[in-house]
Structure formats: C-alpha cells, structure tokens
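Descriptive analysis of the structure
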Amino acid sequence: MIIKELTIKNFRSYYGESIFEFSDGLTLIIGDNGDGKSTFFEAIKWLLDTSKENASLDNVSEMRKSKMEVGDSDTLSVSMVFEPVSYTHLRAHETSQDL
C-alpha cells in the first residue's frame, strides 16, 4: 500500500487540521528547528500504536487547550489514507476542558 494522505488535527504542535497530500515518487520532510518534523512522525507513531500507554492527553495541542473554555470538548485525531485500495486508518481521542 502507498500512503496518499495524512491528516493531523490538534496533535501537539499541529493546531487545527493539517492535511498532507503525497504525490507519486519520493517525499522529503524538511524544515527549520521547531517546524514540526519530529511531531509529524510522532503523529504517525500515535496513529499506529493503539496501546493504552499511548493514549495520553499530553498529545493534545497546547494552543487548542489554551483556547478551550470549561466544558468545551474537541477531537485530537490522526488519519492516513492508503492506495490503491483506498483504505483509511483513523485514530481519534475526544478531549475536554475540566475545572
């Protein structure tokens, strides 16, 4: 299978929804320090590792947590679309702001 798309929502430094589309051939992930390269791969690891130990709320974007009011909730999610069979793998975690 070939990865065609990765969507990251509210995961660590990725605030809101970020969609990465991959074309045929080689894809390079480049950027300055602090641009989210490591977090990009940590999101893939979180998506594929479904153990309980990996379900920590520490993965929620700090920016998203700071904008949430008491009682608000939102979703942390990572999904990956594969081809040629058009298979999507999704992992999501509902987050809420408590007192």
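Right above here is the structure, for reference.
Now for a description of the structure that goes with this document. Predicted model only: the values in this text are computed from it and were never measured.

With that settled, the discussion passes to the environment of Phe-82. Tracing the sequence through the fold places Phe-82 in strand β3 (residues 73–83). For Phe-82, a relative accessible area of 13% corresponds to the buried category. With 76 residues separating them in the primary sequence, Phe-82 and Leu-6 have C-alpha atoms 9.2 Å apart. Here Phe-82 is in contact with Met-1, Ile-2, Ile-3, Lys-4, Tyr-87 and His-89, once residues within four sequence places are set aside.

Given a rise of 1.5 Å per residue, 12 residues ought to cover 16 Å, and the 17 Å separating the end C-alpha atoms of helix α1 (residues 37–48) matches this to within 8%. Considered for burial, the residues of α1 that qualify are Thr-39, Phe-40, Ala-43, Ile-44, Trp-46 and Leu-47. Burial along α1 is one-sided: seen end-on, the buried residues are contained in an arc of 160°. Relative to its buried face, α1 has exposed residues pointing more than 90 degrees away, namely Ser-38, Lys-45 and Leu-48.

Cut-offs applied
Residues numbered from 1 in each chain as written. Predicted model: local features only at pLDDT ≥ 70, side-chain atom pairs only at ≥ 80, totals over all residues. Heavy atoms only, no water. Helix = DSSP H or I, 4+ residues; strand = E, 2+ residues; numbered from the N terminus. Buried < 20%, exposed > 50% of the residue type's maximum accessible area, 1.4 Å probe, protein only. Contact = heavy atoms within 4.5 Å. Expected span 1.5 Å × (residues − 1). Arc of directions from axis to C-beta.

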